[in-house]
Amino acid sequence: MARRPVQRSAWGARAPFADPTGAKGFWAPFSRAPAHRHVRYRLPLPGWHGRDFSVAFLSDLHLGSHTADLARLAAILAEVEASRPDMVLLGGDHMNMMAFGGGRIPPETIAGALKVLSAPMATVLGNHDWEYGLEAVAGAFEAAGIAVLENRALTISIDGLGVRIVGLADDIHGDPQAALVGAEPGPEIVVSHDPGVIVDLPDGCILLAGHVHAGQIRIPGLPVLHMPASRIPRAMAHGHHRIGRRHLIVSAGLGCSGLPLRLFAPPEVVTVVFAAESPA
Ligand SMILES: [Fe+2]
């Protein structure tokens, strides 16, 4: 499949960024982040026979989209570290490519901030990372020791037992290789930025994704009014969904795109506790 064309960034968000602090200037009073929350799921992992283990899943940092975002990220990471996850998976869209509002934090700064986490870490990349420059973002994360899973798998050991992490490319700009999923026997967790890739994945898979920000700007009592392009329906813009025997967990993410505003779609850190497969 040919890669879809990458959208061009607005002039105000052209790479490379030079501000390591993410200063918002005039926009600072209008870009404050709402309080984030911690959301926890528990799932049996097919093929897993070890102890329960936890995966912290952080998505859509869009670092710099909120005021004082580096300090906010440091506080969030301290909470994640205190929860002692067995691994940390990142759902992509690290970059803030908003057309206005400042907060232009380079990928090296973002990857460097994440290094405070002590658990094994891997990331996929999202459409906003593509807009900044895939090689630049991937290079910064790899240089910081964070594995970039762009159609690549990595095995992470939990007390000597391996769990395969399959990272698929972004469904909008990339060319996700669904054939990687289930290609090897054993327990497996799939990560991709855009949950839309779920429609191509086989039965029994578990996919962690972000991208749609739970709608980002919601009106209580109404369904999601708007979300970024994705092949999932708006009703799946957040939470845990079962599609046949597939599990899809969609995080609301932590940052913003388009506007530095979230309403009734609070930012979140997701923790998934994986348990041994139940006996048949
Ligand atoms: Fe995003």
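Values in this document were obtained by computation on a predicted structure and should not be read as measured data.

Rules behind the numbers
Residue numbers here run from 1 along each chain, matching the order of that chain's written sequence. Whole-chain, interface and lining totals are the exception, using all residues; otherwise, since this is a predicted model, local features are given only for residues with pLDDT of at least 70 and side-chain atom pairs are given and counted only at 80 or more. Under the scheme used here, helices are H or I runs from DSSP no shorter than 4 residues and strands are E runs no shorter than 2 residues, and both carry numbers assigned from the N terminus. As a reference, a globule follows 2.2 Å times the number of residues to the power 0.38, and the radius of gyration itself is taken over C-alpha atoms. Exposure classification rests on a simple neighbour count of other C-beta atoms within 10 Å of a residue's own: a residue reaching 20 or more is buried, one at 12 or fewer is exposed, and one in between is partly exposed. C-beta atoms are placed from the backbone. Strand pairing is defined by DSSP finding a minimum of two bridges between the two strands. Think of each axis as a best-fit line through the C-alpha atoms, taken over the contacting stretch in the case of a helix, with angles from 0 to 180 degrees between the N-to-C directions. Every helix has an expected span of 1.5 Å times one less than the residues it contains. In this description, any two residues whose backbone-derived C-beta atoms lie within 7 Å of each other are considered to be in contact. In this description, a nonpolar core means buried residues of the types Ala, Val, Leu, Ile, Met, Phe, Trp, Tyr and Cys, linked to one another by C-beta atoms lying within 7 Å. Think of it as the arc spanned by the lines of direction from the helix axis to the C-beta atoms. Call a crossover right-handed when, viewed with both strands pointing away from you, the route from the first strand across the helix to the second goes clockwise.

The next point concerns the overall build of the protein chain. On a plain count of helices and strands, the protein chain comes out with 4 helices and 12 strands. Since a compact globule built from 280 residues should have a radius of gyration of about 19 Å, the 18 Å found for the protein chain is in line with a globular shape. Overall, the protein chain is about 60 × 40 × 40 Å in size when its C-alpha atoms are taken along their principal axes. Put simply, the protein chain has 280 residues, and 48% of those count as buried.

Strand order in the open sheet formed by 6 strands is β6-β7-β8-β9-β11-β10, and the pairing between neighbours is mixed. The two strands at the open ends of the sheet, each matched to only one other strand, are β6 (152-158) and β10 (239-243). The mean angle between the axes of side-by-side strands here comes to 25°, regardless of whether they run parallel or antiparallel. The pairing of β6 with strand β7 (residues 161-168) spans 7 bridges and is antiparallel. Its bridge partner being in β7, R152 is matched across the sheet by G167.

Taking 1.5 Å of rise per residue, the 14 residues of helix α1 (residues 69-82) would be expected to cover 20 Å, and the 20 Å separating its terminal C-alpha atoms lies within 8% of that figure. Lining the buried residues of α1 we find β2 (53-58), β3 (87-90), α2 (107-114) and β12 (268-276). Where α1 terminates, the next one or two residues include R84, which has phi positive at roughly 50°.

Counting residues in hydrophobic clusters, the biggest one holds 71 residues, and the most contacted among them are L89, I165, V190, L207 and L208. At 5 residues, β2 tops the list of elements feeding residues into this core. With near-sequence residues (within four places) excluded, V190 lies in contact with V166, L168, V181, L201, C205, I206 and L207.

With that settled, consider helix α4 (residues 134-143). Within α4, burial applies to V137, A140 and F141. Projection of α4 onto a plane perpendicular to its axis shows the buried side chains occupying an angular sector of 95°, all on one side. Seen from the buried face of α4, the exposed residues on the opposite side, beyond 90 degrees, are E135 and A143. For α4, the elements touching its buried residues are α2, β4 (121-123), α3 (127-132) and β5 (147-148). Two residues or fewer after α4 comes G145, characterised by a positive phi angle close to 85°.

Time to look at unusual backbone geometry. A cis amide bond links A15 to the next residue, P16, at an omega of -5°. With respect to the secondary-structure elements, P16 resides in the segment before β1 (37-45). One non-glycine residue, H213, lies in positive phi territory at about 55°. The buried category is assigned to H213, around which 30 C-beta atoms lie within 10 Å. For A214, which is not glycine, the phi dihedral falls at a positive 55°. Checked against the element boundaries, A214 lands in the loop between β9 (206-209) and β10.

The next point concerns the pairing of β3. Covered by surrounding structure in β3 are M87 and L89 together with V88 and L90, the residues of both alternating faces. Examined bridge by bridge, β2 and β3 share 4 bridges and lie parallel to one another. Across the sheet, residue V55 finds its bridge partner in β3, namely M87. Regarding topology, α1 serves as the crossover connection from β2 to the parallel β3, and that connection is right-handed. Examined bridge by bridge, β3 and β4 share 3 bridges and lie parallel to one another. Counted as the bridge partner of L90 is T123 from β4.

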